Amino acid sequence: MTREYERFRPIDTAPEWSDEVFDTCAELVEILERHSYRFARTMPGAPHSYTLKRTWPGADEFVEALRKMRAVERIEEFFRGYWYRRFNANGFKYWTMGASLDHILINRAIHAPPLDPYAAICNSYDLAIHKRESDVERSKRVYESLKIEPGTEILDIGCGTGCLVDFRFGDIDPERYVGIDPSRGMLGVFADKHPEFRSRLIRTPFEDYWPKPGQKFDLIVALFGVPSHIGEPDLLSGKVQWLLNPGGTAVLMYNGRKPEDMDFYRNLGTNVHGSGGTPVSDEFWTVRQDDDPDWLTVVGSKP
Ligand SMILES: C[S@@+](CC[C@H](N)C(=O)[O-])C[C@H]1O[C@@H](n2cnc3c(N)ncnc32)[C@H](O)[C@@H]1O
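About the cut-offs
- Residues numbered from 1 in each chain as written.
- Predicted model: local features only at pLDDT ≥ 70, side-chain atom pairs only at ≥ 80, totals over all residues.
- Helix = DSSP H or I, 4+ residues; strand = E, 2+ residues; numbered from the N terminus.
- Buried ≥ 20, exposed ≤ 12 C-beta atoms within 10 Å, placed from the backbone.
- Near = placed C-beta within 6 Å.
- Pairing = 2+ DSSP bridges.
- Axes fitted to C-alpha atoms, helices over the stretch in contact; angles between N-to-C directions.
- Contact = placed C-beta atoms within 7 Å.
- Core = buried A, V, L, I, M, F, W, Y, C linked by C-beta atoms within 7 Å.
- Domains from an automatic or database assignment.
- Arc of directions from axis to C-beta.

Novice: Break down the environment of Leu219 for me, with residues and values.
Specialist: Considering the arrangement of structural elements, one finds Leu219 in strand 10 (residues 217–222). Residue Leu219 is classed as buried on the basis of its C-beta count, with 21 C-beta atoms lying within 10 Å. In this structure the C-alpha to C-alpha distance between Leu219 and Leu243, which are 24 residues apart in sequence, comes to 9.6 Å.

Here it is, written out as structure tokens:
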């Protein structure tokens, strides 16, 4: 039985981010990813797949998935005359044809950023950022400063071409590593260099990344400018803390680019110089200004 308030939550009343909301998203993704999807062959002009309620072992679980979707959805998309609510997760978007709990199918399609400026430079990225010996020294300093022990579970946000793994190859167990990045090109280079890490890479922006329920990390890094790409400092801060194990550490390295410059950057694919970066600002984080003024490192440790 569905209740009225579940049917019509306005999209702009999406709940603030909190550990509870993060938990709901992770539980929802775990359900959605457990079922099979069939390609919608009647709509090749809008390629997508769907999963049918009647193919799920229990109808209750399907309604539970819809209920969780309804609770956390915060995006609407206009498509061919209709507004759809969407839930984005791990490189896919999920939606139904309306906002009620009475549906018989859930749709899914690839969700990729409209522009991927890194695709154009992925093949030359490693050499381009290591033109001089001093560039190599700088990378060494940053990657070698990270405390990685045999059991350390690592989340590498914006892992790019896998430079962290290049510089700490002997220290990182693929089974204890997850790399996420929205750029298919950058991840392709990473996987070609380190095939044993291929299954550990997820093409998604951090904003849409959801781990298995309960999965946590001892070390979370977002290095060489990645946090400057993430326009929601509160989401970044809260979600990183939610993803950390007790005793875990997060290292965020901003460049001279403010999140509000992002649209400009996305549109032009250029660097915006002269801003200081906008680091996350709650009590969890400590700002560490290194000798190198191009970068601002923000570190937090969970008690
Ligand atoms: C300058 S590269 C840094 C790569 C890597 N961390 C390193 O140490 O070489 C920035 C990376 O951030 C990724 N990125 C951009 N927006 C992102 C987002 N919203 N979430 C996660 N990664 C993102 C880009 O695709 C790119 O691979």
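Novice: Please provide a residue-by-residue account of the site of the ligand, values included.
Specialist: Close to the ligand lie 21 residues; Gly158, Gly160, Ser183, Pro205 and His229 are nearest. Mapped by element, the contributors of at least two residues to the shell around the ligand are helix 6 (163–167) and strand 8 (177–181).

Novice: How would you summarise the sheet that holds strand 8 if you had to cite specific residues and measurements?
Specialist: Taken in spatial order, the 7 strands make up an open sheet running 9-8-7-10-11-13-12, and their pairing is mixed. The outermost strands of the open sheet, each flanked by one partner alone, are strand 9 (201–203) and strand 12 (285–288). With strand direction ignored, the average angle separating the axes of adjacent strands in the sheet is 15°. In this structure, strand 11 (residues 244–254) lies alongside strand 13 (residues 296–301), joined through 6 bridges in antiparallel fashion. When the sheet's bridge partners are listed, Thr249 is paired in strand 13 with Ser301. Each of strand 8 and strand 9 is contacted by helix 7 (residues 184–193), which is oriented at about 165° to strand 9, the strand it contacts most.

Novice: Requested: an account of the pairing of strand 6 (residues 105–110), with residues and values cited.
Specialist: Where strand 2 (residues 49–52) lies against strand 6, 4 bridges are found, and the strand directions are antiparallel. Bridging from a neighbouring strand, Thr51 pairs with Ile106 of strand 6. Direction of pairing for strand 5 (residues 92–95) relative to strand 6: antiparallel, over a ladder of 4 bridges. Each residue of the ladder has a partner; that of Trp95, found in strand 6, is Asn107.

Novice: An account of the nonpolar core is requested, with residue identities and associated values reported.
Specialist: Core analysis: the largest hydrophobic core is formed by 59 residues, its most contacted members being Tyr94, Ile157, Ile220, Val221, Leu223 and Met253. Broken down by element, the residue count for this core peaks at 6 residues, all from strand 11. Both domains that furnish three or more residues to this core are identified here as domain 1 (4–110) and domain 2 (122–301). Leave out the neighbours within four places in its chain, and Val221 touches Leu146, Asp156, Ile157, Leu164 and Val251.

Novice: Tell me about helix 7, residues and numbers included.
Specialist: In an α-helix, one turn spans 3.6 residues, which is why side chains three or four residues apart end up on the same side. Every buried residue of helix 7 is accounted for by Met186, Leu187 and Phe190. Mapping the buried residues of helix 7 onto a view down its axis gives an arc of 95°, with all of them on the same face. Turning to helix 7, the residues buried within the fold contact helix 4 (125–128), strand 8 and strand 9.

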